[in-house]
Amino acid sequence: MAATMKTTVAVEDVNVTFEDQQKINKFARNTNRMTELKNEIEAKKKLLQNLQDASDDLMMFDDDTLLVPYQIGDVFINHTQEETQEMLEAAKEALELEVKGLEARVSAIQELLGDLKVQLYAKFGNNINLEADES
């Protein structure tokens, strides 16, 4: 005769104060902002790869006298290969700085989220889920 034990997990009723709700809202806002920043970083990295590919393709040209169209806003302007290469390098450097800045912001947000997680889990325990959905 096999006996089975059922264990019940008691869900404790925890009062949510205004400060707690502010922390939860701050956590949610920063989580969303971090997701937006990560998407922006990904887009900028793709653009950076496109600039690198354009730079590589430009190096393969044999004729140095050809004018290369370079897009500035909605207009294409013809430049020499050397000028175009310099413009591509400047654009890549600016984009790399932007990516580093965004990554620094993501790191700062991750640190803030870590602190908020500690505070919220300390008060609410298993009654709150602060983990991101992987779907």
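Residues numbered from 1 in each chain as written. Predicted model: local features only at pLDDT ≥ 70, side-chain atom pairs only at ≥ 80, totals over all residues. Heavy atoms only, no water.

For the chain, an unreviewed UniProt entry supplies the name Prefoldin subunit 4 and the organism Xyrichtys novacula. Under the Subunit (unreviewed entry) heading, UniProt states for the chain: "Heterohexamer of two PFD-alpha type and four PFD-beta type subunits. Interacts with URI1; the interaction is phosphorylation-dependent and occurs in a growth-dependent manner." Under the UniProt heading Sequence similarities (unreviewed entry), the entry covering the chain gives this text: "Belongs to the prefoldin subunit beta family." (UniProt positions renumbered as here; feature names shortened; annotations may be inferred.)

Asker: Would you mind showing me how to read the packing of helix H1 (residues 18-59) against helix H2 (residues 81-124) here?
Answerer: To characterise two packed helices, one gives the angle between the axes of the helices and the distance between these axes. In contact at an axis separation of 8 Å, H1 and H2 are set at 160° when each is read in the N-to-C sense. The angle between the axes of H1 and H2 places the two elements in the roughly antiparallel class. Considering only the axes of H1 and H2, their crossing is left-handed. Residues that form the contact of H1 with H2 fall into these classes: 23 nonpolar, nine polar and 16 charged. (Axes fitted to C-alpha atoms, helices over the stretch in contact; angles between N-to-C directions. Helix = DSSP H or I, 4+ residues; strand = E, 2+ residues; numbered from the N terminus. Parallel < 35°, antiparallel > 145°, perpendicular 65-115°, else oblique. Left-handed = near helix turned anticlockwise from the far one by under 90°. Nonpolar A, V, L, I, M, F, W, Y, C, P; charged D, E, K, R; others polar.)

Asker: Sorry, what's going on with the layout of surface pockets here?
Answerer: In this approach a probe as big as a water molecule rolls over the atoms, and the regions it shows empty are the leftover space. Considered as a void within the structure, the largest pocket measures approximately 180 Å³ in volume. Looking at the largest pocket, the residues that line it are Leu51, Ala54, Leu58, Phe61, Val68, Pro69, Tyr70, Gln71, Phe76, Thr84 and Leu88. Elements with a contribution of two residues or more to the lining of the largest pocket: H1, strand S1 (68-72) and H2. No other element matches S1, which puts four residues into the lining of the largest pocket. Class assignment for the residues of the lining of the largest pocket results in nine nonpolar, two polar and no charged. (1 Å grid on protein atoms, 1.4 Å probe; cavity = no way out; pocket = protein on both sides within 12 Å on 5 of 7 lines; lining within 4 Å. Points joined across faces, edges and corners; volume = space filled by probe spheres on them.)

Asker: Looking at this structure, I do not really get H2. What am I missing?
Answerer: Along an α-helix, residues three or four positions apart point the same way, because every turn accommodates 3.6 residues. Relative to the 64 Å expected for 44 residues at 1.5 Å per residue, H2 spans 62 Å between its end C-alpha atoms, a close match to the ideal helical length. Downstream of H2 by one or two residues, Gly125 has phi in the positive range, about 60°. (Expected span 1.5 Å × (residues − 1).)

Asker: What is the right way to read the side chain of Asn30 from this model?
Answerer: Along the polypeptide, Asn30 turns up in helix H1. With relative accessibility at 16%, the residue Asn30 sits in the buried group. Polar contacts involving the side chain of Asn30 include one to the main-chain carbonyl oxygen of Lys26, which spans 2.8 Å. The contacts of Asn30, once residues within four sequence positions are left out, are Ile109, Leu112 and Leu113. (Buried < 20%, exposed > 50% of the residue type's maximum accessible area, 1.4 Å probe, protein only. Polar contact = N/O pair within 3.5 Å; in protein donor to acceptor, adjacent residues only side chain to side chain. Contact = heavy atoms within 4.5 Å.)

Asker: Help me out: how do you make sense of the environment of Val99 in this one?
Answerer: Relative to the elements of secondary structure, Val99 occurs in helix H2. Once the C-alpha coordinates of Val99 and Glu42 are considered, the two residues, 57 residues apart in sequence, prove to be 8.9 Å apart. Every residue in contact with Val99, bar those within four places of it in the chain, is listed here: Ile41, Lys44 and Lys45.

Asker: Teacher, can you tell me more about the pattern of salt bridges here?
Answerer: A side chain of one charge can pair with a side chain of the opposite charge when the charged atoms of the two come close. Here the structure, examined in full by the defined rule, presents six salt bridges. Two residues, Glu98 and Lys44, come together in a salt bridge whose shortest N-O distance is 2.7 Å. Linking Glu98 in helix H2 with Lys44 in helix H1, this pair joins segments that are 54 residues apart in sequence. A relative accessible area of 18% places Lys44 in the buried class. The partner of Lys92 in a salt bridge is Glu89, and the shortest N-O contact between them spans 3.1 Å. Of this pair, Lys92 and Glu89 both sit in helix H2, three residues apart, which is roughly one turn of that helix. (Salt bridge = Lys/Arg side-chain N within 4 Å of Asp/Glu carboxyl O.)

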